[in-house]
Amino acid sequence: MAISSQTAAPRRKRRASFVERTIAGLAEAMERALYAEELAKANGLLQQLDPRVKVVGLLALLVAAALARNILVILGVFALALALALLSRVPLRTLATRVWLGALLFTGTLALPAIFITPGQVLARVPLLGWPISAQGLSAAAYLITRVETAATLSMLLILCTPWTHVLKALRVLRVPVVFVVILGMTYRYIFLMLQTAQDMFESRQSRMVGTLDAADRRRLAGASVGVLLSKSIQLSGDVYLAMMSRGYRGEVYTLDDFTLRGRDWAALAGFLGTAALAFWLGQ
Amino acid sequence: MIPINTQPTELVFDVRDVVYRYTSDVIALNRISLSVARGTRLAILGANGSGKSTLLRLLDGLYFADSGSISAFGQPLTEESLQDDALAFAFRRRVALVFQNPDVQLFNPTVFDEVAFGPLQLRWPKDQIRSKVKETLDLLEISHLKDRSPHRLSGGEKKRVALASVLILDPEVLLMDEPTAALDPKSQSMVVDFLIGWSGGAKTVITATHDLDIVAEIADASVVFQAGTVVAQGEPAEVLRDTSLLERTNLIHAHRHIHSDGAIHSHAHRHLGHEHLHAEHDH
């Protein structure tokens, strides 16, 4: 039966259901991880450095920015982070959407009251409400936001420019216990399996569903899915433990660290530490 | 006891009257007895839930019998004996298990780390581990995957990595749990070719499977399990000829179809090798 385009009511775009949104969220999580893995393989400045140099160097810059009492120094470290991002082929759009926006919203929410409640020279008042905006309050908020944005950008550069497995191994240089590193590695490995399982479960549900679920059903579905995933992960963890035992695991984990520092790594480390020391000195 | 080898050679495993229960009500293995001589290629056949995987885990010292005994290389294989580091390391070095689900076995962040895991736990020198990992990756033609995470591997690639992760130890006994399950035909063929050619057939391979296609190629002895008991044993060709046994143990199925004249009939149905065999028709 043909339906006339003149008589058919204009179709409204249907709002995505809970299940569809969950599937999209799971797929996005996997896409993001794949994107990060691809970026970590790019031929950029940070990608070519030893992971341990990146961990130590970027951490030193982060500490210098956190301790600086001069906003220009913090902005200088932020500018350096931007330069590193560009030289490492990290798109600024990625940083903007993944780091800056979220950090601004989160920190801005925390910093907002400080603008009004910090005593000091009143610069202006909020129309209608009459709340005072103090210079000291604005300064405190600006320091908080720039420090957080700088720290988050440096951290994200480490994550985006280094395969996650190398980041974990490099944590050993900070004396992180080997068992902790191994557990994080296994978590990273199995989170994808669980994501895939969750996606399969929701797609299976979606393929047999017509219409939308009401709030109570959505809660029931979410609860049941969490329960099934938990049960699967418990079963999986038992089997993985047996597989580890089968290959000689006796309660202590041994790992192979294969990093070698080359000339450019030492040079980069000196550059990072020198810049961090300078920022620390100028920032006091 | 069912002897699984015609050669009067050294026994790798000696299983006597083993009972294993999941719970007090559910028996997985019920008074199993069998012995496996060095160099035997044994296929354990059985439908899902017949106890094949449980037996492999018992032989690998991961589960322990509720009653009965298992000896490995002439030594009792018990929870107590594996408490001893030297004995446990020697046993893990000599016996390797490839799990049915490779995701269980690939728990490291990269393929390289995965293959290096076993030797690291056995405290091999690190230089030796590096060269042996490279050699093993080359052997299984997966060197190009060494930095890849397991979640970015295909099913066939995962199976190769799982094999590499145990072969690096150069075990004397390889236990394979459903090695061709959920693999595409090319990957199945890779696994079968490997099992045929591994160490020129000099090592012991025990394969649990319900894939009758591969049995004649990978085994020279077989036992058939049903509900936790051994119901038959013999040479693969002999066991595979026994249609009534295979049908009774759910290894082949009754196939019903309608002829062009409308008559319905059923017959035992199985796929073997490249031929599609029909046993006697039962109209």
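Shown above is the structure to which this text applies.
Draft legend 1. Fine view of the overall build of chain B. Helices and strands together make up the secondary structure of chain B, namely 10 helices and 14 strands. When the 283 residues of chain B are sorted by exposure, 53% land in the buried category. Long-range pairs, those at least 24 residues apart, make up 62% of the contacts in chain B between residues at least 6 apart in sequence. For chain B, the exposed surface amounts to about 12,600 Å²; the carbon and sulfur share of it is 48%.

Draft legend 2. How the structure looks around the pairing of strand β3 (residues 27-37) of chain B. All names here are of chain B. The buried count for β3 comes to 8 of 11 residues, which makes it a mostly enclosed element. Pairing geometry for strand β2 (residues 11-21) and β3, over 7 bridges, is antiparallel. Note that in β3 the partner of Arg21 across the bridge is Ile27.

Draft legend 3. Molecular detail of the interface of chain A and chain B. Every contact between the two is made by 32 residues of chain A and, on the other side, 40 residues of chain B. The three residues of chain A that bury the most area against chain B are Arg189, Arg247 and Arg250 of chain A, which together make up 28% of that side's buried surface. Linking chain A with chain B are 6 salt bridges, by the criterion used here. One salt bridge connects Asp85 of chain B with Arg250 of chain A, and the closest N-O pair in it is separated by 2.7 Å. Taken together, chain A and chain B are joined by 17 residue pairs in polar contact (both at pLDDT 80 or more). Contributions of two or more residues to the side of chain A that touches chain B are made by α1 (18-40), α6 (164-170), α7 (178-207) and α8 (215-246) of chain A. No other element matches α8 of chain A, which puts 8 residues into the side of chain A that touches chain B. Counted by class, the side of chain A that touches chain B contains 16 nonpolar, 5 polar and 11 charged residues.

Draft legend 4. Region of interest: the side chain of Lys52 of chain B. Within the element layout of this structure, Lys52 of chain B appears in helix α1 (residues 52-59). A distance of 3.2 Å separates a polar atom in the side chain of Lys52 of chain B from the backbone oxygen of Ala47 of chain B.

Draft legend 5. Focus on the pattern of salt bridges. Taken as a whole and assessed by the stated rule, the structure comprises 25 salt bridges over all chains. We note a salt bridge from Arg262 of chain A to Asp265 of chain A, for which the minimum N-O separation is 3.5 Å. On the basis of relative accessible area, Asp265 of chain A is assigned to the buried category, the value being 0%. Note that Asp17 of chain B and Arg31 of chain B form a salt bridge whose closest N and O atoms lie 3.6 Å from each other. Of the two residues, Asp17 of chain B sits in strand β2 while Arg31 of chain B sits in strand β3, which places them 14 residues apart along the sequence. When salt bridges with common partners are traced through the structure, they connect Glu10, Arg38, Arg94 and Glu172 of chain B into a single cluster.

Draft legend 6. Highlighting helix α5 (residues 126-139) of chain B. Residue and element names in this part refer to chain B. Over its 14 residues, α5 runs 20 Å from end to end, which matches the ideal 20 Å to within 8%, given 1.5 Å per residue. Those residues of α5 that fall on the buried side of the exposure criterion are Ile129, Val133, Thr136 and Leu137. Viewed end-on, α5 has its buried residues packed into an arc of 95°, placing them on one side of the element. Opposite the packed face of α5, turned more than 90 degrees from it, sit the exposed residues Asp127, Lys134 and Leu139. Summarising the contacts, the buried residues of α5 are in contact with α4 (111-121) and α6 (155-167). Backbone geometry just downstream of α5 places Glu141 in the positive-phi region, at approximately 55°.

Scoring rules and cut-offs
Residues numbered from 1 in each chain as written. Chains lettered and ligands numbered in written order. Predicted model: local features only at pLDDT ≥ 70, side-chain atom pairs only at ≥ 80, totals over all residues. Heavy atoms only, no water. Helix = DSSP H or I, 4+ residues; strand = E, 2+ residues; numbered from the N terminus. Buried < 20%, exposed > 50% of the residue type's maximum accessible area, 1.4 Å probe, protein only. Contact = heavy atoms within 4.5 Å. Areas by Shrake-Rupley, 256 points an atom, 1.4 Å probe, with all protein chains shown as cover. Pairing = 2+ DSSP bridges. Buried area = accessible area lost by both parts, 1.4 Å probe. Salt bridge = Lys/Arg side-chain N within 4 Å of Asp/Glu carboxyl O. Polar contact = N/O pair within 3.5 Å; in protein donor to acceptor, adjacent residues only side chain to side chain. Nonpolar A, V, L, I, M, F, W, Y, C, P; charged D, E, K, R; others polar. Expected span 1.5 Å × (residues − 1). Arc of directions from axis to C-beta.

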